[in-house]
Amino acid sequence: MAKETKTVQCNPDEYSVNEISKTHESFGWEMTDNRPLYTLANLTFVREKNSPWYQEVAELEKQFYEITETKPEWTEDKPSKALLTWGIIALVFATIFLIVAIIETTIDNDMFYLFFPAIFAFLGGSTLLTLFIVKWHIYRGKFSEFLNALSKWKLTKGKESDELREKAEEIIKENNNNTKVYENAKN
């Protein structure tokens, strides 16, 4: 009997493995191996090419993956918290420099140059915090757009892909039932 083999890599977490396994089983694949490999899991699937349902289910699977390739993917990274951290540190130093400058100028009025480090630290910290806030705002806007696109996809293409998967499951189940009836009649 001719067998078809396929290996898929995914996150090794239980949810990812179960979802990929469930999807492949819908199209007649049977998982034969689940081997963790560093930060990935290698899943090996096998299915029979001589099955009476093979051609029809393979075509549905092809359509399914064509649809799922259009699913929006989130690829943006969150803004670096280093900007936030360094901005806060700079503002803390600006406050310390300012306190020192105020104390020193009350003792000696010619010490006004002590305000310069406080001013530079304040400007640097403010700039870093402003950059973080702007990047965070842009990130949130893009994430909101992504969620909207994903919702629209789920309502249209997502339903269509689910229907294809269900249809493949029905074809396989129907053929398996017919095979059992045939085998029982034979005995």
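Described below are features of the structure shown in this document. (Residues numbered from 1 in each chain as written. Predicted model: local features only at pLDDT ≥ 70, side-chain atom pairs only at ≥ 80, totals over all residues. Heavy atoms only, no water.)

1. Some points on a negative patch on the surface
This is how it is decided: Like-charged residues within 9 Å of one another, or nonpolar side chains (Val, Leu, Ile, Met, Phe, Trp, Tyr) within 5 Å, are grouped into patches, provided each residue has over 30% relative accessible area and no salt bridge. Note on areas: Shrake-Rupley, 1.4 Å probe, and residue coverage restricted to the protein chains presented here. Within this document, salt bridges are pairs made up of a side-chain nitrogen of Lys or Arg and a carboxyl oxygen of Asp or Glu, the two lying within 4 Å of each other. All tallies of charge rest on Lys and Arg as positive and Asp and Glu as negative; His and the ends of each chain are not included. For this purpose, a charge sits on NZ of Lys, CZ of Arg, CG of Asp or CD of Glu. Comment: elements are numbered from the N terminus, with helices defined as DSSP H or I runs of at least four residues and strands as E runs of at least two. Relative accessibility under 20% of the residue-type maximum defines a buried residue, over 50% an exposed one, and the middle range a partly exposed one, all with a 1.4 Å probe and only protein chains included.
Residues Glu56, Glu160, Asp162, Glu163, Glu166, Glu169, Glu170 and Glu174 make up a contiguous surface patch of negative charge. Here the negative patch gets seven residues from one element, more than from any other, and that element is helix 4 (residues 115-186). Turning to its location among the elements, glutamate 169 is positioned in helix 4. The class for glutamate 169 is partly exposed, based on a relative accessible area of 37%.

2. Things to note about the packing of aromatic side chains
Let me state the cut-off plainly: Only the six-membered ring of Trp is used, alongside the rings of Phe and Tyr, when aromatic pairs are assigned; centres must lie within 6.5 Å, and planes under 30 degrees apart are stacked while those over 60 apart are edge-to-face, with the rest tilted.
Applying the stated rule across the entire model yields ten aromatic pairs. Residues phenylalanine 64 and tyrosine 65 carry aromatic rings whose centres are separated by 5.1 Å and whose planes lie at 85° to one another, so their mutual orientation is edge-to-face. A relative accessible area of 6% means that phenylalanine 64 is categorised as buried. Where tryptophan 74 meets tyrosine 139, the ring centres are 5.6 Å apart and the plane angle is 75°; that geometry is what we call edge-to-face. One end of the pair, tryptophan 74, is in the loop between helix 2 (54-68) and helix 3 (81-107); the other, tyrosine 139, is in helix 4, with 65 residues separating them in the sequence. Given a relative accessible area of 26%, tryptophan 74 falls into the partly exposed group. One aromatic cluster in this structure is built from Trp74, Phe132, Trp136, Tyr139, Phe143 and Phe146.

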